[in-house]
Amino acid sequence: MSAHGKPYVREVSRYGWFFRSPRYLRYMAREVTCVFIGLHVLILIVALMRLSEGREAWDAYLANLGSPAGVALQMLMLAFAVYHSTSWFNVTPKAMPVQIGENFLPGVVIVGAHYAGWLVASVALLFLAGVF
Amino acid sequence: MAKSNKPIVWGLFAAGGTVTAFLTPALLLLTLLPAFGVMPALLSYDNLRGFAGHWFGKLVVFGILFLMLWHAAHRLRVTLHDFGVRADGLVAVAVYLAAATGTVATGYFLLRI
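Each value, and the rule that gives it
- Residues numbered from 1 in each chain as written.
- Chains lettered and ligands numbered in written order.
- Predicted model: local features only at pLDDT ≥ 70, side-chain atom pairs only at ≥ 80, totals over all residues.
- Helix = DSSP H or I, 4+ residues; strand = E, 2+ residues; numbered from the N terminus.
- Buried ≥ 20, exposed ≤ 12 C-beta atoms within 10 Å, placed from the backbone.
- Contact = placed C-beta atoms within 7 Å.
- Rg over C-alpha atoms; globule rule 2.2 N^0.38 Å.
- Core = buried A, V, L, I, M, F, W, Y, C linked by C-beta atoms within 7 Å.
- Nonpolar A, V, L, I, M, F, W, Y, C, P; charged D, E, K, R; others polar.
- Expected span 1.5 Å × (residues − 1).
- Axes fitted to C-alpha atoms, helices over the stretch in contact; angles between N-to-C directions.
- Parallel < 35°, antiparallel > 145°, perpendicular 65-115°, else oblique.

J.: Requested: an account of the overall build of chain A, with residues and values cited.
T.: For chain A, the count of helices and strands is five helices and two strands. Counted from the first residue to the last, chain A has its helices and strands arranged as α-α-α-α-β-β-α. With the C-alpha coordinates of chain A rotated into their principal frame, the extents come out at 75 × 45 × 25 Å. Among the 132 residues that make up chain A, the fraction classed as buried is 22%. By sequence separation, contacts in chain A at least 24 residues apart represent 40% of the contacts at least 6 residues apart.

This is how it looks when you write it as structure tokens:
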């Protein structure tokens, strides 16, 4: 009990609070990416299962990925995956600031290094997979 | 000082988020390409069996999928709270159990290849 009367408590909706501000909505979009990352891992586990079952099972799996529904789902997951990557890299200066002597490395350098690493990793993965 | 398992949980979450940020878009591009007439050599049955048949390939795939699963599970736990689900104990058990099941399944199928 407060000696100075009842403190003011602002009403906050438990379910729809993130519609109150674009900032909250961006936060929620970032958090929701995990649903699509999880779904993607599930699809990759199915890939391992089909691969272990033999050639026919693997070719059927690839055909499913290439169907219109498979392509649409992968496009959707790709959009959320890219949003995860950009939102993840954009906060790296806050998550792991780099101090050199008295000064901190500018955030744009840390973010830029991550984007460069992302590009290199992506090109390397596609190259190693024989795309080019 | 009280012991807490938070650093481990959060460390795995951060490692998984980083692995996902670097690799998931390229992985999805890779599996999208066949639909657009480009067949990456790795996706042929023989090449992928060769990759996942080697112990090093298995280790890489297992490590990546384990971290991705843990990342998604931990973030889903927080996200469900943000959506108004307040049964955190129950949610934590459910999401981590799902991640553990996925990890076991990953290991099981990798060993069968």
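Let's pick the thread back up.
J.: Explain the overall build of chain B to me, using residue names and the numbers behind them.
T.: Per the secondary structure count, chain B includes four helices and zero strands. Shown N-terminal to C-terminal, the secondary structure of chain B runs as helices and strands in the order α-α-α-α. Relative to the compact-globule value of 13 Å for 113 residues, chain B shows a C-alpha radius of gyration of 17 Å, a clear excess of over 25%. By principal-axis analysis of the C-alpha atoms, chain B measures approximately 50 × 30 × 20 Å. Considering chain B as a whole, with its 113 residues, one finds that 32% of them fall into the buried category. Taking the intrachain contacts of chain B between residues at least 6 apart in sequence as the baseline, contacts between residues at least 24 apart amount to 67%.

J.: Residue-level account of the nonpolar core, with values.
T.: Val-41 of chain A together with Leu-65, Leu-69 and Ala-72 of chain B are the most contacted members of the largest nonpolar core, which has 38 residues in total. Elements with a minimum of two residues in this core: helix 1 (22–53), helix 2 (55–66) and helix 3 (68–90) of chain A together with helix 1 (6–32), helix 3 (55–82) and helix 4 (88–112) of chain B. It is helix 3 of chain B that contributes the most residues to this core, ten residues altogether. Beyond its immediate sequence surroundings of up to four residues, Leu-65 of chain B is in contact with Val-41, Leu-44 and Ile-45 of chain A together with Thr-106 of chain B.

J.: Can you break down the interface of chain A and chain B residue by residue, with the values?
T.: Of the residues lining the interface, 42 residues belong to chain A; the matching set on chain B comes to 44 residues. Sorting the residues of the side of chain A that touches chain B by element identifies helix 1, helix 2, helix 3 and helix 5 (107–128) of chain A as the ones contributing at least two each. Counting residues per element, the side of chain A that touches chain B draws most heavily on helix 1 of chain A, at 15 residues. Looking at the side of chain A that touches chain B residue by residue, the classes come out as 28 nonpolar, ten polar and four charged.

J.: I'd like to hear about helix 3 of chain A, residue by residue, with values.
T.: End to end, helix 3 of chain A covers 33 Å across 23 residues, agreeing with the expected 33 Å (1.5 Å per residue, within 8%). Turning to helix 3 of chain A, its buried residues are Gln-74, Met-77, Leu-78, Phe-80, Ala-81, His-84, Ser-85, Trp-88 and Phe-89 of chain A. Buried-residue contacts for helix 3 of chain A involve helix 1, helix 2, helix 4 (92–95) and helix 5 of chain A together with helix 1 of chain B.

J.: Explain the environment of Val-71 of chain A to me, and be specific about the residues and the numbers.
T.: Checked against the element boundaries, Val-71 of chain A lands in helix 3. With 18 residues separating them in the primary sequence, Val-71 of chain A and Phe-89 of chain A have C-alpha atoms 26 Å apart. Each residue touching Val-71 of chain A, except ones within four places of it in the same chain, is listed here: Gly-66 of chain A together with Leu-32 and Ala-35 of chain B.

J.: Which residues make up helix 4 of chain B, and what values do they have?
T.: End to end, helix 4 of chain B covers 36 Å across 25 residues, agreeing with the expected 36 Å (1.5 Å per residue, within 8%). Turning to helix 4 of chain B, the residues buried within the fold contact helix 1 of chain A together with helix 2 (45–53) and helix 3 of chain B.

J.: An account of the packing of helix 2 of chain A against helix 3 of chain A is needed here, citing residue identities and associated values.
T.: All names here are of chain A. Put simply, helix 2 and helix 3 touch, their axes get as near as 4 Å, and they point 70° apart. As summarised for this structure, helix 2 and helix 3 are arranged roughly perpendicular, according to the angle between their axes. Touching Asn-64, Leu-65 and Gly-66 of helix 2 are Gly-70, Val-71 and Gln-74, all from helix 3. Across the contact of helix 2 with helix 3, the residue classes tally to two nonpolar, four polar and no charged.

J.: So what's going on with the environment of Val-78 of chain B? Which residues, and what values?
T.: By the secondary structure assignment, Val-78 of chain B is in helix 3. Through-space distance from the C-alpha of Val-78 of chain B to that of Tyr-96 of chain B is 12 Å; in sequence the pair is 18 residues apart.

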